[in-house]
Amino acid sequence: MSDSDTIGRREFVVGAAALAAGATLVGRTPAQAVPVADGVAKFSFPDEGRVRVLVTGDAGTGTRTQWAVADAMRTFHSREPISLALGLGDNIYENGPHDAADGQFADKFENPNEGLDFPWLMVLGNHDNSAIFPGDGGWLLRGNAEVEYHARSRRWWMPSRYYSVRVPEQNPVVEFFVLDVNPLAAYLPPIFSPYWAADGQFMNEQRAWLDRALAESTATWKIACTHHPYSSNGPHGDAGHYDGVPIAPINGVHVKSFIEDHVAGRCQFILSGHDHSLQVLEPTTASKGTRQIVSGAAAKTVGSEARNTEDASNTALYENYHELGFMVLDLTANAVDLRVHTVDLANGTSTEAFARRLG
Ligand SMILES: [Fe+2]
């Protein structure tokens, strides 16, 4: 781990003070969306009814593996132009950025993704909000630096901690609902801060916003994007028993109810990362027909890491825990086609491992 990955004593004290201060320090919600800085020309969203989406997650290592996957994505893009990308969280390993000017944004996002010149809808992950140990998710305010970075980057799209994007803007084929469930799933839960509590102001505002945004949406396809999956056959497992830990809220029981109460049956898809794998799961009765897809293998794989066998029971059309990769969604008003590409680390090339019409 390099120095830039660890936080100093001063930052830890500031983070701890922020946790203790609670409601005086708030998350960046759509009401406080970050404006784009003068002179920054954001890459534009497509204005046509065919949308090709690159689906990546857990990419922000800055290492050779991230570059190899990005190389394969560039090759794909040169052959079949991509409209926009999803970065499904853990954008800046190991603990998140220090501030919006942090060089990690260049090392772990801009430079590896050079040439992938389209908007990247970014999701906050647990590593983006960490305080003491990598991925603890215990310093939620830290994620605000990733929101503020929206002002500075042509490709990074995160105007608030949760938001939606319609593509195209008029008569949308698809609307993405990018969600922040980190307050519900942190390994260091925000127990000293009522603002971030499962039934606190931040989550209640997000629930109300999501209910309204979904009700108002005229898009054919509605896609929820979270870092933490609702269901997964990987090591982190299903919401409600994350990581096999029988302790609420760390087990994700509040993520489970959030998804079941506000997303299930309302969106056709939930796209998530967190587990470093590629999974296309079947909808269930509990998910009310909503299909979970996990794409978290843009820089790391589960490999030989032990899987939670109790949770490895979701029916999968495709699952891969040993190869790096990404997914591509082709959306029109009439169809959703998914392709999974696995990446050969040795030469940065990809192979189509799965293709299926899902809608
Ligand atoms: Fe994660």
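Structure: above.
Bear in mind the structure is a predicted one, so any value in this text is a computation, not a measurement.

Conventions we followed
Residues numbered from 1 in each chain as written. Predicted model: local features only at pLDDT ≥ 70, side-chain atom pairs only at ≥ 80, totals over all residues. Heavy atoms only, no water. Helix = DSSP H or I, 4+ residues; strand = E, 2+ residues; numbered from the N terminus. Buried < 20%, exposed > 50% of the residue type's maximum accessible area, 1.4 Å probe, protein only. Contact = heavy atoms within 4.5 Å. Pairing = 2+ DSSP bridges. Axes fitted to C-alpha atoms, helices over the stretch in contact; angles between N-to-C directions. Donors = N, O, S within 2.8 Å, 3.2 Å for Na, K, Ca; no water. Tetrahedral: all angles 85-135°; square planar, octahedral: opposite > 155°, others 65-115°. Expected span 1.5 Å × (residues − 1).

(A) Fine view of unusual backbone geometry. The amide bond that connects Y93 to the next residue, E94, takes the cis arrangement and shows omega of 0°. Within the fold, E94 resides in the loop between β2 (84–87) and α3 (104–110). Omega for the peptide link from A248 to P249 comes to 5°, which places this bond in the cis form. Within the element layout of this structure, P249 appears in the loop between β7 (221–226) and α7 (253–262). Backbone geometry at D243 places phi at a positive 60°, although glycine is not the residue there. Within the secondary structure layout, D243 lies in the loop between β7 and α7. The phi angle at H274 is positive, at roughly 75°, despite the residue not being glycine. With respect to the secondary-structure elements, H274 resides in the loop between β8 (269–272) and β9 (278–281). Overall, H274 belongs to the buried group, its relative accessible area being 3%.

(B) The side chain of T332, seen in detail. Looking at the element boundaries, T332 is found in the loop between β12 (324–331) and β13 (336–344). Contact partners of T332, with chain neighbours within four places excluded, come to G49, R50, V173 and W221.

(C) Region of interest: the sheet that holds β2. Taken together, the seven strands give an open sheet; going across it, the order is β4-β3-β2-β1-β12-β13-β14, and neighbouring strands pair in mixed fashion. Strands with a single pairing partner mark the edges of an open sheet, and in this sheet they are β4 (156–157) and β14 (349–357). On top of the sheet, helix α2 (residues 64–79) reaches β1 (51–56), β3 (120–122), β12, β13 and β14; it is set at about 30° to β12, its chief contact.

(D) A look at the coordination of the iron ion. The protein atoms donating to the iron ion are D90 (OD), N126 (OD1), H227 (NE2) and H274 (ND1), with metal-donor distances spanning 2.1 to 2.3 Å. Classification of the site at the iron ion as irregular follows from its four donor atoms and the range of 84 to 164° in their angles at the metal. The motif formed by the donor residues of the iron ion, counted along the single chain, is D-x35-N-x100-H-x46-H. Residue N126 is found in the loop between β3 and α4 (144–148), and its partner H274 is found in the loop between β8 and β9; the two are separated by 148 residues along the sequence. Residue N126 is classed as buried on the basis of its relative accessible area of 5%.

(E) A look at the pairing of β9. Burial along β9 is two-sided: L278 and V280 facing one way and Q279 and L281 facing the other are all buried. Of the strand pairs in this sheet, β9 and strand β10 (residues 291–295) are connected by three bridges, and their pairing is antiparallel. Within β10, the residue paired with V280 across the bridge is I293. Taken together, the four bridges between β9 and strand β11 (residues 316–320) define a ladder with antiparallel strand orientation. What sits directly across from Q279, in β11, is E319.

(F) Up close: helix α6 (residues 201–216). The terminal C-alpha atoms of α6 lie 22 Å apart, and with 16 residues this matches the ideal 22 Å at 1.5 Å per residue to within 8%. Listed in full, the buried residues belonging to α6 are F202, M203, Q206, R207, W209, L210, A213 and L214. Among the structural elements, β5 (163–167), β6 (174–178), α5 (182–185), β7 and α7 are those in contact with the buried residues of α6.

(G) Structural context of the sheet that holds β7. What the seven strands build is an open sheet, ordered β5-β6-β7-β8-β10-β9-β11; its pairing is mixed. One side of each edge strand has no neighbouring strand; the edge strands of this open sheet are β5 and β11. Adjacent strand axes in the sheet meet at a mean angle of 15° when their direction is disregarded. Seen against the sheet, α6 touches β5, β6 and β7 and runs at an angle of roughly 175° to β6.

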